[in-house]
Amino acid sequence: MSDVRISALITGASSGIGAVYADRLAARGYDLILVARRRDRLEALAARLRQDYGRVVEVEPADLRDPEDLARIEALVRSREDIGVLVNNAGLGAGAPSVSADPEAVETLVKINVLALTLLCLAATPRFAARDDGLIINIASIIAVIPSATAAAYSGSKAYVLNFSRSLQSEFAKTNVKVQVVLPGPVRTEFFGDRPPPFPDHLFMSPETLVDVAFRALDQGEMVCWPTLHDPQAWTSFDEARRALSKAVSQDAVPPERYGLAAPIESVT
Ligand SMILES: NC(=O)c1ccc[n+]([C@@H]2O[C@H](COP(=O)([O-])OP(=O)(O)OC[C@H]3O[C@@H](n4cnc5c(N)ncnc54)[C@H](OP(=O)(O)O)[C@@H]3O)[C@@H](O)[C@H]2O)c1
């Protein structure tokens, strides 16, 4: 890195994956802006990172459910010239079948996993595009490609993160603005709270390994990172199938024969 100080803003930096991103980005020479609700956790992490890496570390306690707090963080991302990296990591699950899901919990999930991530990206991209530089890392999940009978909103929110991030990748394909989407499997963090973990222990990766893998992937130019995928061809095949499907559904406006509407019905309006 050059002498110019570049800051990374990390949401959900008070625990788990976000706290490790903070550590690894400080080690890579970035100053930091740490965002989450628990100020005490952020302050403690900031103190350690200042001591370990000698970086400038600011804390910005914010509840990203709250429109005013979110607007404040958006304004920061939009206006601070030094912010060159945005890590959208804050996120939560609301595991329950739709018939018993708590609508308030699901609303919170959508606000954090989808809305906050989206608005923070929209706050970053105009400045990143203008100076043709910048990095966004969005944390999705393997559940992005796994419809779930017991976590529909969580699955849907992470599918959104995958598609939204890939769309940004297309938008900035010919620029130096980079967007990486990371799709972890189970990670040993506070994510599951007091609930018993829904997977056997051997399926859990440590957050340190997860973030180190994601940075290795980033350094190798892998912008869709599956930290537990051993055969990269599986993703390539999936993506090729997606491309073939998108071609197959965009050839004409004629209903297929199986629906028995031989000729398209012309609109009368
Ligand atoms: N752990 C897994 O198995 C797993 C697997 C795949 C993907 N992920 C994804 O990884 C990301 C990080 O999760 P984690 O595993 O590290 O869990 P975690 O330890 O529970 O961390 C979640 C972070 O999000 C923050 N957050 C939650 N609600 C917030 C709010 N209203 N406003 C601001 N910040 C808020 C929390 O901070 P405060 O509570 O201090 O606000 C915390 O720092 C999430 O997007 C999650 O979906 C996790």
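Since this is a predicted model, take the numbers as computed values, not measurements.

**Q** I keep staring at the site of the ligand and nothing clicks. Help me out?
**A** Lining the immediate surroundings of the ligand are 31 residues, of which S14, R37, N89, Y154 and T189 lie closest. A distance of 3.5 Å is found between an oxygen atom of the ligand and a backbone nitrogen or oxygen belonging to F191. Considering the ligand on its own, with 870 Å² of exposed area, one finds that the protein chains cover 95% of that surface. Because more than half of its atoms lie within 2 Å of the grid, the ligand is assigned to the largest pocket. Counting residues per element, the ones that place at least two in the shell around the ligand are α1 (16-27) and α5 (152-171).

**Q** So what exactly am I meant to see when it comes to the pattern of salt bridges here?
**A** Close approach of charged atoms allows side chains of opposite charge to pair. Counted according to the given criterion, the structure contains 20 salt bridges. Residues R166 and D239 are paired through a salt bridge, measuring 2.7 Å at the closest nitrogen-oxygen approach. On the criterion of sequence distance, the pair formed by R166 in helix α5 and D239 in helix α7 (residues 232-248) is long-range, its members being 73 residues apart. With a relative accessible area of 21%, R166 lands in the partly exposed category. Under the relative-accessibility criterion, D239 is labelled buried at 6%. One network of salt bridges, in which partners are shared, links D23, R24, R48, D52 and D212.

**Q** Even after reading the chapter, I still don't get the layout of surface pockets, so can you show me in this structure?
**A** If a probe as big as a water molecule is rolled over the atoms, it shows which places are left empty. Volume-wise, the largest pocket comes out at about 1300 Å³. The wall of the largest pocket is formed by 47 residues, among which G91, L92, G93, Y154 and F191 lie closest to the centre. Among the secondary structure elements, those contributing two or more residues to the lining of the largest pocket are α1, α4 (103-131) and α5. The leading source of residues in the lining of the largest pocket is α1, at three residues. In the lining of the largest pocket, the residues fall into 24 nonpolar, 16 polar and seven charged. Estimated volume of the second largest pocket: approximately 300 Å³. Around the second largest pocket sit 19 residues that line it, and I6, Y30, G84, V85 and D133 are the ones nearest its centre. Residue assignment for the lining of the second largest pocket shows that the elements contributing at least two residues are β4 (83-88), β5 (134-139) and α6 (207-219). It is α6 that provides the largest number of residues to the lining of the second largest pocket, a total of three residues.

Rules used throughout
- Residues numbered from 1 in each chain as written.
- Predicted model: local features only at pLDDT ≥ 70, side-chain atom pairs only at ≥ 80, totals over all residues.
- Heavy atoms only, no water.
- Near = heavy atom within 4 Å.
- Polar contact = N/O pair within 3.5 Å; in protein donor to acceptor, adjacent residues only side chain to side chain.
- Areas by Shrake-Rupley, 256 points an atom, 1.4 Å probe, with all protein chains shown as cover.
- 1 Å grid on protein atoms, 1.4 Å probe; cavity = no way out; pocket = protein on both sides within 12 Å on 5 of 7 lines; lining within 4 Å.
- Sits in = over half its atoms within 2 Å of the grid points.
- Helix = DSSP H or I, 4+ residues; strand = E, 2+ residues; numbered from the N terminus.
- Salt bridge = Lys/Arg side-chain N within 4 Å of Asp/Glu carboxyl O.
- Buried < 20%, exposed > 50% of the residue type's maximum accessible area, 1.4 Å probe, protein only.
- Points joined across faces, edges and corners; volume = space filled by probe spheres on them.
- Nonpolar A, V, L, I, M, F, W, Y, C, P; charged D, E, K, R; others polar.

Any functional reading would require information that these geometric values do not contain.
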